[in-house]
Amino acid sequence: MIAELGHYALALALCVAVVQSTVPLYGAARGDDILMSLARPAASAQFLAILVAFGALTHGYVTSDFSILNVAQNSHSLKPMLYKVSGVWGNHEGSMVLWVLILALFGFAVAAFGNNLPPSLRARVLSVQGMIGVGFLGFILLTSNPFERLIPAPLDGRDLNPLLQDPGLAFHPPMLYLGYVGFSMAFSFAVAALIEGRVDPAWARWVRPWTLAAWTSLTGGIALGSWWAYYELGWGGWWYWDPVENASFMPWLAGTALLHSAIVVEKRDALKSWTILLAIITFGLSLMGTFLVRSGVLTSVHAFAVDPERGLVILALLTIAIGGALILFAIRAPSMKLGGMFQPISREGGLVMNNLLLSVATATVFIGTLYPLFLDATTGEKVSVGPPFFNAAFVPVMMPLVLLVAVGPMLAWKRGDLPGAMARLWTAAILSIAAAGFVWSQQNDVAFGPIVGFAFAGWLAGGSITEWAERIALFRVPLATSLARAGGLPRSAHGMTLAHLGLAIFICGAVADSFWRQEVVVNAKPGETVSIAGFDLTLDKIERTRGPNYQTETAHLSVSRDGAPVTTLRPERRFYPVQQMPTTEAAIHSTFLADLYAAIGEGGDRQGWTVRVWHNPLVPWIWAGCLVMVIGGLVSLSDRRLRVGAPKRRTNAPSAAQVAGAD
Amino acid sequence: MSRLLYLLPLILFLGAAGYFAAPILQGKDPSTLPSAMIDKPAPARDLPALIASKPGIDPASLAGDVRLVNFFASWCGPCRVEHPLLMEIAESNAVPLYGINYKDAPGAAVNWLAQLGDPFQRIGRDGDGRAAIEWGVYGVPETYVVDKAGRIQYRHVGPLSREDYQEVILPIVERLREANG
């Protein structure tokens, strides 16, 4: 009964979305306030209906109602509660419901907090948002009904893929989707602006917080996913340039560019058509991620169960949404007024370079991911592109960007002073040389990779700190005055400094891990010892126990350094009988400076056990850097100017805004 | 001219969308070998030895018996996953295994084999990935069944699981052995 209610709520949401996507748009074209004002209750109703549907599906999972096909295929009565709930989005159908739920949540947010938007823009944004909703709700109802019944109901379910039964992965999809779908806001605003034929700083002021929120979530989501791959897959690595990873990385790169170009629109009223194009591309790449994971056109380690027909439907949706937006762009963008002019050496110039480099980086990842597909379709030839391509092509594009991140914020708007900026960056230069020198002195054999990498990270960190210190006149005025100044800075300034520092921390971790990682793989019997990076790991015993829905073999590895005990690592090898699938649970001893990482493979008492040990220097910095970026995003998001609903009412807003805002 | 510039994103997008649609509409599965390569002789290219003590791979060495040819790399995570199975296959002597080391630093590959074990009878080095292109490798790991005449008979994409090996590969190997006496 509850499942049927959920199914009905989804159908209801589709009907509401159809209304939301047409009536307000028509009203905006006609200038009819009443028709336009329909957008807000419609967006709220759509959100509520989808929330009911999502709740109904969650209820099915929590109560283990195996008469629902989706629950029977992806859940099990013995599964811990956390994974019963996360199982809702651990499969294709449920994840699509989460997708539309988040889409409707963003629409609801505009409806609830968009009091100060011009009513015609708000009506159009919500209409476009409604159109996306129509597409995906229709897709769910027609091809991927999550509420399909299974009669007779089986006694127990088939369980969730054990790799996905993990706290890191429980929260990875919702964060990733908040990011993917969050870019739909930028897209809807872009399309609405194209329909209106007008982009002004007020528009950018609205787009920025949504983009920032989406970017922050996506950063967190990608970091969680990479962290999960690191400790759960048991391969010791954290990024594999796998098509599915790239699918989430491309919108991140494009979104980062969008975040920066929107600043230029807001502050200088320039780069307008480019920003609109970026908003369309960013959301297009998000949709492409959804498509690639489900269509099976590319093989990947972690894809959903693929279904070419569903893939084709998503591709059709993608073509209609992005193709339609680009047609609109081709018609309307040329007539948009050009904004403020600026010199090449200026803050705007720096941000244009940022956008160019990030676009090239996005294109590099795009080509690397899809080249095999293109070539196969053209010539029938099959090629492979692996980490060697990405390391060779992506890193060189990012290097000038890192140099620029330190310089850009030092330049003034309109006309900057490059020699002056460079002169003020002497602290960054010193930090850069110091970092390089320290790395050089620590290395036994001189390798240039890490020296260059750390020099870049030092430059970036030094530049970001210098810029921040200059704004509060640190060491030039009494400390109390400086602190007062820091309090007076807009939070977005702190956010930027934090995000750039996070990038520097991330670079340190990535460079150190790729050059200095050590690994040892041995076949060990209890009592034997493995040595790595000054640590001695002794295999004490292997213990066999049971978990709620799995059996496990736990190795006890006592770790010592120079004879002094450090810790005990307990890597596990689990076997999930329902899915007949083994998983590895790595054990990690993490200090601030390095991870000692152990995993065990197959084995037995007689032949011994495969024990793999990695020493990964600075790996925690990779996620620490991402965390600092996320904090930077959140701090910036809390800026008063960007706070949802806080910006000042446009003084020339027509009185209808007040009327619509009052109800 | 400037109007055309604004049309460019649309044109590029439609081109890309066409490429996405093509494999689905043609019903292609990326994990199957294009039929063109099946029953064709394995590409004739001499691959130098990776390890001094073990010969490399040349066309002549592929004839005479049914063999598995495995593309691997030390940087490849999934290769690590299938490696214990390859070791078992080597120990069982069911079918000879040849390895082709794909786009790898020789030192890293040698270390990798020293640590995980070396299941291969011959190992060829494919440093620039040319051989992989000729064989039609989509991504490592991939495993090919080559018959007595040195022709490719089957291709497996991705890490080999025990089921793949026992239920698909082994029957093919046995069929090929019987077929040619």
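Sequence order as written defines residue numbering, which begins from 1 separately in each chain. Chains and ligands are labelled sequentially in the order written, the chains with letters from A and the ligands with numbers from 1. With pLDDT at 70 or above as the cut-off, local features in this predicted model cover only qualifying residues; side-chain atom pairs require 80 or more to be listed or tallied, and sums for whole chains, interfaces and linings still use all residues. Where side-chain values are given, they derive from all heavy atoms of the structure, hydrogens and water being excluded.

Chemist: Account for the overall build of chain B, with residues named and values stated.
Modeler: When helices and strands are counted, chain B shows five helices and five strands. Each helix is a run of DSSP H or I of at least 4 residues and each strand a run of E of at least 2, with the numbering of both proceeding from the N terminus. Ordering the α and β elements of chain B from the N terminus gives α-β-α-β-α-β-α-β-β-α. Taking the principal axes of the C-alpha coordinates as reference, chain B spans close to 65 × 40 × 30 Å. Burial statistics for chain B: of 181 residues in total, 50% are counted as buried. If you take every contact in chain B between residues at least 6 apart in sequence, the share linking residues at least 24 apart comes to 75%. For the accessible areas, the method is Shrake-Rupley and the probe is 1.4 Å, while residue cover comes only from the protein chains on display. In the structure as shown, chain B presents an accessible area of about 8100 Å², 56% of it carried by carbon and sulfur atoms. With a 1.4 Å probe rolled over the protein chains alone, any residue whose accessible area is under 20% of its type maximum counts as buried; one over 50% counts as exposed, and the rest are partly exposed. Note on definitions: a residue-residue contact is assigned when non-hydrogen atoms from the two residues lie within 4.5 Å.

Chemist: So what's going on with the overall build of chain A? Residues and values would help.
Modeler: Counting its secondary structure elements, chain A contains 21 helices and ten strands. At 27 Å, chain A has a C-alpha radius of gyration in line with the 26 Å of a compact globule built from 663 residues. Considered along the principal axes of its C-alpha atoms, chain A spans approximately 80 × 75 × 60 Å. Burial statistics for chain A: of 663 residues in total, 58% are counted as buried. Once local pairs closer than 6 in sequence are excluded, the contacts in chain A between residues at least 24 apart make up 73%. Counting only carbon and sulfur atoms, one obtains 66% of the accessible surface of chain A, whose full area is about 26200 Å². The charged-residue count follows a simple rule in which Lys and Arg add positive charge and Asp and Glu add negative charge, with His and chain termini not counted at all. Where a charge lies is defined by one atom per residue type: Lys uses NZ, Arg uses CZ, Asp uses CG and Glu uses CD. Averaging the locations of the 44 positively and 40 negatively charged side chains of chain A gives two centres separated by 12 Å. Each radius of gyration is computed over the set of C-alpha atoms, and the globule rule expresses the reference value as 2.2 Å times the number of residues to the power 0.38.

Chemist: Let's hear about helix H16 (residues 426-442) of chain A: which residues, and what values?
Modeler: Residue and element names in this part refer to chain A. Expected span of a helix: the number of residues minus one, times 1.5 Å. Look at H16: 24 Å from first C-alpha to last across 17 residues, which is about the 24 Å you get at 1.5 Å a residue. Taken together, the buried positions of H16 are Ala428, Ser432, Ala435, Ala436 and Val439. All buried residues of H16 project into a common sector of 90° when viewed along the axis, lining one side. Summarising the geometry of H16, the exposed residues directed more than 90 degrees from the buried face are Trp426, Ile430, Ile433 and Phe438. Where H16 is buried, its residues touch helix H17 (448-471) and helix H19 (491-516). Within this analysis, the arc is defined by the directions that extend from the helix axis to the C-beta atoms.

Chemist: Which residues make up the packing of helix H6 (residues 92-113) of chain A against helix H8 (residues 167-196) of chain A, and what values go with them?
Modeler: Two quantities define a packed helix pair, namely the angle between the helix axes and the distance between the axes. Residue and element names in this part refer to chain A. In this analysis an axis means a line fitted to C-alpha atoms, helices contributing only their contacting stretch, and an angle means the value between N-to-C directions, from 0 to 180 degrees. For the pair H6 and H8, the least separation of the axes is 9 Å and the interaxial angle reads 50°. Between H6 and H8, the interaxial angle falls into the category oblique. Handedness of the H6/H8 crossing: right-handed. For the pair H6 and H8, contact is made by Ser95, Leu98, Trp99, Ile102, Leu103, Phe106 and Val110 and by Pro174, Tyr177, Leu178, Val181, Gly182, Ser184 and Met185, respectively. Roughly parallel here means an angle under 35 degrees, roughly antiparallel means over 145, roughly perpendicular means 65 to 115, and every remaining angle is called oblique. Handedness of a helix crossing follows the sense of rotation of the near helix relative to the far helix, less than a right angle counterclockwise being left-handed and clockwise being right-handed.

Chemist: Go over the sheet that holds strand E3 (residues 122-126) of chain B with me, naming the residues and quoting the values.
Modeler: Residues and elements named next belong to chain B. The strand order across the open sheet formed by five strands is E3-E2-E1-E4-E5, and the pairing between neighbours is mixed. One side of each edge strand has no neighbouring strand; the edge strands of this open sheet are E3 and strand E5 (152-157). Averaged over all neighbouring strand pairs, the angle between strand axes comes to 20°, with direction disregarded. Paired strands, as defined in this entry, are two strands with at least two bridges between them according to DSSP. Taken together, the five bridges between strand E4 (residues 142-146) and E5 define a ladder with antiparallel strand orientation. Looking at the pairing, Val145 lines up with Tyr154 of E5. Sitting on the sheet, helix H5 (residues 162-179) is in contact with strand E1 (67-72), E4 and E5, with an inclination near 170° to E5.

Chemist: Quick rundown of the domain arrangement of chain A? Include the residues and the values.
Modeler: All names here are of chain A. Domain extents, as shown, originate in an automatic or database domain assignment. Taken domain by domain, chain A holds domain 1 (1-160) and domain 2 (518-619). Here domain 1 and domain 2 have C-alpha centroids that lie 43 Å from each other. Contacts between the two partners involve eight residues from domain 1 and, on the opposite side, five residues from domain 2. As used in this structure description, the phrase polar contact means that two N or O atoms lie within 3.5 Å; if the pair is within protein, one of them must be able to donate a hydrogen and the other to accept it, and residues adjacent in sequence are counted only when both atoms belong to side chains. Summed over the shared surface of domain 1 and domain 2, the result is zero residue pairs in polar contact (both at pLDDT 80 or more). Class assignment for the residues of the side of domain 1 that touches domain 2 results in three nonpolar, two polar and three charged. For this classification, the nonpolar set comprises Ala, Val, Leu, Ile, Met, Phe, Trp, Tyr, Cys and Pro, the charged set comprises Asp, Glu, Lys and Arg, and every other residue, Gly included, is treated as polar.

Chemist: Which residues make up the sheet that holds strand E10 (residues 608-617) of chain A, and what values go with them?
Modeler: Backbone hydrogen bonds hold the strands of a sheet together, and the pairing may be parallel or antiparallel. All names here are of chain A. Across the sheet, which stays open at both edges, the four strands sit in the order E1-E10-E9-E8 with antiparallel pairing between neighbours. Each edge of the open sheet is held by one strand with a lone partner, namely strand E1 (518-524) and strand E8 (587-590). Shown here is a sheet whose adjacent strand axes are inclined to one another by a mean of 15°, direction ignored. Where E8 meets strand E9 (residues 594-604), four bridges bridge the pair, whose relative direction is antiparallel. From the neighbouring strand, Ile588 faces E9, where its bridge partner is Tyr597. Across the sheet, helix H20 (residues 619-637) touches E8, E9 and E10, and the angle it forms with E9 is around 115°.

Chemist: So what's going on with the nonpolar core? Residues and values would help.
Modeler: What is meant by a nonpolar core is a set of buried Ala, Val, Leu, Ile, Met, Phe, Trp, Tyr and Cys residues, joined one to another through side-chain atoms within 4.5 Å. Residues Trp99, Phe189, Trp203, Ile276 and Ile280 of chain A are the most contacted members of the largest nonpolar core, which totals 154 residues. Each of domain 1 (1-160) and domain 2 (518-619) of chain A accounts for three or more of the residues forming this core. Ignoring sequence-local partners within four residues, the contact set of Trp99 of chain A consists of Ile132, Phe136, Tyr177, Val181, Phe283, Leu287 and Thr290 of chain A. Judged by nonpolar contacts, the second largest core, of 45 residues, contains Cys76, Leu97, Ile169 and Leu176 of chain B.

Chemist: A description of the environment of Leu103 of chain A should follow, citing residues and the corresponding values.
Modeler: All names here are of chain A. The topology assignment puts Leu103 in helix H6. Along the primary structure Leu103 and Ser86 are separated by 17 residues, whereas in three dimensions their C-alpha atoms are 19 Å apart. Sequence-distant contacts of Leu103, defined by excluding residues within four places in its chain, comprise Gln129, Ile132, Gly133, Val181 and Ser184.

Chemist: Summarise the packing of helix H14 (residues 387-407) of chain A against H17 of chain A; cite the residues concerned and give the values.
Modeler: All names here are of chain A. The contact between H14 and H17 brings their axes to 7 Å, and the two run at 25°. Judged by the inter-axis angle, H14 sits roughly parallel to H17. Crossing of H14 against H17: the hand is left-handed. Touching Met399, Val402, Leu403, Val405, Ala406 and Val407 of H14 are Val452, Phe456, Trp459, Leu460 and Gly463, all from H17.

Chemist: Break down the packing of aromatic side chains for me, with residues and values.
Modeler: For Phe, Tyr and Trp, rings pair up if their centres lie within 6.5 Å, where Trp contributes its six-membered ring, and each pair is then called stacked (planes under 30 degrees apart), edge-to-face (over 60) or tilted (otherwise). Across all of its chains, the model carries 31 aromatic pairs over all chains by this definition. Aromatic pair Trp238 of chain A and Phe506 of chain A: ring centres 5.9 Å apart, planes at 90°, arrangement edge-to-face. You can see Trp238 of chain A sitting in the loop between helix H9 (201-232) and helix H10 (243-268) and its partner Phe506 of chain A sitting in helix H19, a full 268 residues away along the chain. Between the aromatic rings of Phe71 of chain B and Trp135 of chain B, the centroid separation amounts to 5.7 Å while the plane-to-plane angle is 70°, which identifies the pairing as edge-to-face. Placement of Phe71 of chain B in strand E1 and of Trp135 of chain B in helix H4 (residues 130-135) is noted, with a sequence separation of 64 residues between them. The structure contains a cluster of three or more aromatic residues connected by ring pairs, namely Trp215, Trp239, Trp241, Phe249, Trp252, Phe389, Phe390 and Phe394 of chain A. Whether a charge sits over a ring comes down to the Lys NZ or Arg CZ being within 6 Å of the ring centre and within 35 degrees of the ring normal. Across from the ring centre of Phe535 of chain A, 4.5 Å away, lies the NZ or CZ of Arg561 of chain A, which sits over that ring.

Chemist: Can you tell me about the pattern of salt bridges, naming the residues and giving the values?
Modeler: In what follows, salt bridge is the name for a side-chain nitrogen of Lys or Arg lying within 4 Å of a carboxyl oxygen of Asp or Glu. For the coordinates displayed, the defined rule picks out 21 salt bridges over all chains. Among the ionic pairs, Glu572 of chain A bridges to Arg574 of chain A, the shortest N-O distance being 2.9 Å. Classification of Arg574 of chain A as buried rests on a relative accessible area of 13%. Between Lys54 of chain B and Asp118 of chain B there is a salt bridge, and its shortest N-O distance comes to 2.7 Å. Of this pair, Lys54 of chain B sits in the loop between helix H1 (2-25) and E1 while Asp118 of chain B is found in the loop between helix H3 (106-116) and E3, placing the two residues 64 residues apart along the sequence. On the basis of relative accessible area, Lys54 of chain B is assigned to the buried category, the value being 18%. Each of Arg124, Glu196, Arg198 and Asp200 of chain A takes part in a single network of salt bridges with overlapping partners.

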